[in-house]
Amino acid sequence: MATQDAASEYIRQVLHHTEPPPPIQARFFYAAGGILIDDPLYPLPPPTSGSAPSKQPPKPFSVYDNTALDKAWHELRRKLLEYREEHGEKGEAHGQRWNSREARDGKRNSGSRPSTPRAKAGTLATSSLSQYDGHSEPENDSEQLDGPSSLVFEVGQEPTTTGTPFIRAPSRKKLRTLDPESRQGSQSRASRPKPHTHDTYQWDDASHLAEHSPVRHEHTQEKGPTDQIAVGISRLHQVEMPDLQMCPIYWQPVNDIAKVVRGTWFYQDTMLPVETPVANMLEAGYVELQIWTQTWKDELSSAVEVGALGEMKVVHMLWPEKVTAKSKAGARARRDSSRPSTANRENLLRTVVTNLAEAVPETEEDQRELAVEAACDLIDISSGAGGSENKALGGSIWGRQGTIRNYDDHGVIYANAKEARILKPTLLPSAYYGRRPLANYIRKGHKLGIPVVRGFDQTVWNKLHPSPEKTPAQKQAEAGTSTSASGAPTPARRKTDPDLASSERPQVTDLILVIHGIGQKLSERMESYHFTHAINAFRRELNVEVGGKECKSRFRKGMGGIMCLPVNWRGSLTFEEGGYREEHDPAYNDFNLNDITPDTLPSVRGIVSDVMLDIPYYMSHHQPKMIAAVIREANRVYKLWCLNNPGFSGNGRVHLIAHSLGSVIAIDILSKQPTHIPPHLSDPTQVDLSTDPPLHHLLFSTHNLITAGSPAGFFLLLRKAQLLPRVDSTSSAALQDPTSLTDAICGRQGQYGCIAVENIYNIINGYDPVAYRVNAAVDASYSASLRKAFVPNASSSWLSYFSGSSKPFSAQPTAPPLPRLPSQVELETHDFTREEIAEKRMLLLNDNGQIDFFVRYGGGPLEIQYLTMLGAHSSYWYIKDFVRFLVVETGREAGRVGTVEGMRAVKSKAALGQ
C-alpha cells in the first residue's frame, strides 16, 4: 500500500495536482423498467403483454443499499488492481489479446465481419477498473506509436502545466516502466481482456423476452474478482460487480434484469444521473482545471472583471477536438522534442486523447470512445489507486428528458466546486456578440443552459421526488415485509433508511417453496403465464396478511417473517430425445413429438402439448427425470437462501406448496425423503449440488406440505397406496402421543404415501376439475364421517375467523345441542378400533385432525359453472381465504393447541345420528 501511495503522489506531481480532488457523493441507480425493488406491493417482475415496457426514469437504491454498493465497489476496485498486477496488467500472463470496444460493450463478435463491432459511447462507463478494458490492436503496425514512451512522461523532462502525456491508472508494474532500462524490451502496448459476462436463463424461443431484458452474456475467459450485493426491501435481487447489472437471486431472470449505473454528476433540476460518458468528461474537466482550488475561484472572478474575453478563457469544451493526422504528427513532434515548452499551455485531455490514439478514429463514435477512455484514465490518476473512485460507472440508462445525449459541441462553465452549466454553442461567451453568461446569468442564479451538480444530494431528491402517501394496504404490506439476514440489522436500517424502517422488518423464520404443476412449458411462448409472476403476486398478498393484526395475534413466540419463492423445475427439462433406442440398430426409427403432430390447428395443438402432456410424461419413463429436476431446483434455491441467511438451516422452518402435478411429485419425493436430514448434510452451504450421482432427496425437512388443485388422491388410488405418517416422526403430535408411533398406524421411509412432514393440507377449489380429496386415502370410513371443512372466510372479522363461525360474535353463546347417543345395535356393530387408528393417523398427519379443506370460489346468481371451471385450477394464488389460511397455519404454535377452532375436524350430523 505504501508503494501505491508513493505512486499516487508521483502522478499528482506530474499533473501538478497539489491535492487529489474531493471525493464524490456517488449514488447507484437502476433502470426501473417497471421494477421497484423497495415497494412491497409492486410486481416483481412486471409481466409484459408482448409490447415493450414504458420508458421510466431510473430509480435510486435506498440509502442503506447505496452505502453497501459503494463500499463493495471500492473494495472490488482494490482487488481488481491487485489482480491485474499479479496476472499481468493487460492479460500478458495468459497470452491473450482483447479488443477494448468489445470489452466495454460486453458484446461478442457476430461473425459477419472480421472487424469488431463498435461500442456506443454510452457503454464506456466502466473504464479500466470497472471492467477489464483495453485498447484494440491497430490494423497497420506503421500507425502504432512507439511503445510506452508515447504515454509515459520521461523522468528527465520537466513537465508542462497541461500538455504532459501521462501513465495509466497507477500500479506498481506501470511505475516500473518509468525506468528506461525496463522499457527497452517493451515494443508495443498489450491489449486488455474482455469484461466478465454471464449466462441467462435460455428459453427455446427467447425473442419475446429479448426486447424487455438485457441478456446476461456467456463467460469466455478466466474470472477475476467479482462480488454480488443483495439489494431491495426483501433482498430478492443482487447487483453483480463489476458487470453492474441487477438480477434476481433465487429465480431465473424473467424481464427483471436491470442495468445499474453509478452516478457522479446529476442534473440539478431532477437529481437524476448525467449520462455516464458525459459525467466522466465533466469530471475530467473538473480534474484538469482543478475546480476545487482557490486558483479556480480567482480565475472566475478575474474572468468576470475582464469581460467576454475573460469568460471565453474559462470555458471548458466538453469534448476535445477530433484527432487528425496533423494533430498526431504534432503530438509526435512534441514528444520527440528534448524539452517541452512550458509556455505552450495546450489542453491536457486533448493531448492524452491524441497520444492514446493508435490510428486516426474513423467515426465520431470512435472519437468519443477514445475521449472517454482518456477521461477515465485522468480521473483514476488524479485520485490514485487508494483514493476515492470518482468515475461514473455503468452504461447510460436515462437522459435529461428521457433521451440520452452526448452534448456534442457543448461547452462547460464550472460555477463552483459543486455546480456547472452545460451550454450549447449559441450560449457560450462571445466577445463578438457580447455574451457574458457567467456574469449575467450564472453568478446571478438565473436559468441558463443545463445545470448539473457534482455529487448526489438526498435532501434535494426528497424535495424533487416526494414520496406519495401510502395506502392502508401498502402500510400493512410494508409492516409484513421481512428482510433476509443479508440485509441490515433492524436498528442499523432504521438509522440509515428511515423510509424503510417504519416497521419492525423481522428476519425470515419460515421459508415457503412453491412447486408448480403442468403448463409451464407454455410460458416459453407466452411470458405472462410464467409461474414466477404468480408467485411474486402471491408473495405480495402474503406480506399484506403478515402485517395485519389478525394474523399476528396467532403467531407463535419467536415467529419472524415469511418468504415465498418459486421452484421452477420444468424449464430445465426436455423430452425430445425420441423413443427407445437400440445401439447400432440400423432399423432404428428416430422420431419425436413434432414428427407425430399434425399441422392442423397449430395454436390449439401447441397449447395442448405445452400444458397437458406433462401428465403422460410423468407416467412414462421420464418420471425419474422430472422428480430429479424438482429436487435439484428446490435444493438450489434452498442453498442460495441459506448462503444469504446464515443460521437459517439450524433455526428456520421450510414449507412446501405443491400445485397440480407438482403435488404428485412432492408426494413421490417426500415418500423417499429421510425423516431426519443426515448430519453430513446439515449445513447446506457446504453441499456440492453438482455431484454425480446427484442427491435423491431434499436438503431440508418439510414442516408443512400444502397441496392445491392436487390430483394426488387419484395417483394414490392408482397405486393402491395409503397416506401414512412416519413411525419415527418427531412432530408435535407424535411427541404428545408416543404410543401412536407403531407399525399398525404408521409407515416407514420408502413406502409410497408415507411422507416425511409434520402437517399436510389439501386445498380444494370445488370448481377445479383436477383437484381430488385425500382424506379417504387415510381411512375411507372415517373420512365419510367428517363434516366437509372449509378454509375460514378472510373477509369476516378476526373473531369469527378464529372461532370458525361466519356469524356475528355474540356475548352470550348458546349451548350446543347434546348429540344423540348410539343405540345398542350400533354399539355392537361399530368398529371402534379402526376408528381410533384412523383418528390417530389423521392427527399425526395434521394437527387439525383432517387434511381436506375447501376454499370458497365463484357463486352468484349469474354464475355459469362451466365458465367458472376454466379459471379455477389457477385461481389459488389470488384467493384471499387461501392466503390468510397459509399465513396462520405457517405462523401458529405447533400442536393441536395452536390450531384454529374452525379448521378442526368435526363429525357430520349423519355420523352422530342427528
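Calculation notes
- Residues numbered from 1 in each chain as written.
- Predicted model: local features only at pLDDT ≥ 70, side-chain atom pairs only at ≥ 80, totals over all residues.
- Heavy atoms only, no water.
- Helix = DSSP H or I, 4+ residues; strand = E, 2+ residues; numbered from the N terminus.
- Phe/Tyr/Trp six-rings, centres within 6.5 Å; stacked < 30°, edge-to-face > 60°.
- Lys NZ or Arg CZ within 6 Å of the ring centre and 35° of its normal.
- Salt bridge = Lys/Arg side-chain N within 4 Å of Asp/Glu carboxyl O.
- Buried < 20%, exposed > 50% of the residue type's maximum accessible area, 1.4 Å probe, protein only.
- Pairing = 2+ DSSP bridges.
- Contact = heavy atoms within 4.5 Å.
- Axes fitted to C-alpha atoms, helices over the stretch in contact; angles between N-to-C directions.
- Parallel < 35°, antiparallel > 145°, perpendicular 65-115°, else oblique.
- Left-handed = near helix turned anticlockwise from the far one by under 90°.
- Nonpolar A, V, L, I, M, F, W, Y, C, P; charged D, E, K, R; others polar.
- pLDDT = per-residue confidence, 0-100.
- Core = buried A, V, L, I, M, F, W, Y, C linked by side-chain atoms within 4.5 Å.
- Domains from an automatic or database assignment.

(A) Layout of unusual backbone geometry. Following Met241, the chain continues into Pro242 via a peptide bond in cis, with omega recorded as 10°. With respect to the secondary-structure elements, Pro242 resides in the loop between β4 (237-241) and β5 (245-248). One non-glycine residue, Tyr407, adopts positive backbone phi at about 60°. Position of Tyr407 relative to the elements: it lies in the loop between α13 (364-383) and β9 (411-414). Of note, Lys720 is a non-glycine position whose phi angle comes to about 50°, a positive value. Here Lys720 is to be found in the loop between α26 (712-718) and α27 (732-736).

(B) The packing of aromatic side chains, seen in detail. If you walk through the whole model with that rule in mind, you get 28 aromatic pairs. A centroid spacing of 6.5 Å and a plane angle of 65° characterise the contact between Trp877 and Phe882, whose relative ring orientation is edge-to-face. An aromatic cluster is defined as three or more aromatic residues linked by ring pairs; in this entry it consists of Phe531, Phe538, Tyr761, Phe853, Tyr876, Trp877, Phe882 and Phe885. When the ring centre of Phe854 is taken as origin, the NZ or CZ atom of Lys788, which lies over that ring, is 4.3 Å away.

(C) Focus on the pattern of salt bridges. By the definition in use, this model includes 24 salt bridges. Taking the shortest distance from any N to any O, the salt bridge between Arg78 and Glu75 comes out at 2.2 Å. In this pair, Arg78 and Glu75 both sit in helix α2 (residues 63-86), three residues apart, roughly one turn of the helix. You can call Glu75 partly exposed: its relative accessible area is 35%. Where Arg834 meets Asp779, a salt bridge forms, and the shortest distance between an N and an O atom there is 3.0 Å.

(D) Geometry of the sheet that holds strand β7 (residues 265-267). With respect to topology, five strands assemble into an open sheet ordered β7-β11-β10-β9-β8, the strand pairing being antiparallel. At either margin of the open sheet sits one strand with a lone partner, and together these are β7 and β8 (316-317). Relative to strand β10 (residues 419-423), β9 is paired through four bridges, and the arrangement is antiparallel. Across the sheet, Val412 pairs through a bridge with Ile422, a residue of β10. Docked against the sheet, helix α8 (residues 276-289) engages β7, β8, β9, β10 and β11 (450-454), running at close to 50° with respect to β9.

(E) Quick peek at the packing of α8 against α13. Running from N to C, α8 and α13 point in directions that differ by 50°, and their axes come no closer than 9 Å. Taken together, the axes of α8 and α13 lie oblique to each other. For the element pair α8 and α13, the recorded crossing hand is left-handed. Residues Pro277, Asn280, Met281, Glu283, Ala284, Val287 and Glu288 of α8 form the contact with α13, whose own contacting residues are Ala371, Val372, Ala375, Cys376, Leu378, Ile379 and Ser382. When the residues that make up the contact of α8 with α13 are grouped by side-chain class, the tally is 10 nonpolar, two polar and two charged.

(F) Structural detail: the confidence of the model for the protein. Averaged over the protein, the pLDDT score is 75; the fraction of residues at 70 or greater is 67%. A low-confidence stretch, residues 484-495 (pLDDT under 50), is modelled with 31 contacts involving residues beyond four sequence positions or located in other chains. Within the model, the stretch residues 498-504 combines pLDDT values under 50 with 16 contacts to residues more than four positions away or in other chains.

(G) Representation of the nonpolar core within the structure. Core analysis: the biggest nonpolar cluster contains 65 residues, and Leu513, Leu565, Leu705, Leu723 and Ile760 have the highest contact counts within it. Considering every element that reaches this core, the biggest residue donor is helix α23 (residues 623-644), with 10 residues. The residues that make up this core include at least three from each of domain 2 (27-88 + 225-263) and domain 3 (508-577 + 592-798 + 832-903). With 39 residues, the next largest nonpolar core counts Val287, Ala415, Leu438 and Ile450 among its residues.

(H) Geometry of the sheet that holds strand β15 (residues 702-708). With parallel pairing, the six strands of this open sheet are ordered in space as β13-β12-β14-β15-β16-β17. Two strands in the sheet have a free side with no partner beyond their single neighbour: β13 (561-567) and β17 (852-855). Neighbouring strand axes in the sheet, compared pairwise and without regard to direction, differ in orientation by 25° on average. Alignment of strand β16 (residues 757-765) against β17, held across four bridges, turns out to be parallel. Opposite Asn765, over in β17, you have Val855 as the bridge partner. Set on the sheet, helix α18 (residues 531-546) makes contact with β12 (508-515), β13 and β14 (653-659); between it and β13 the angle comes to about 170°.

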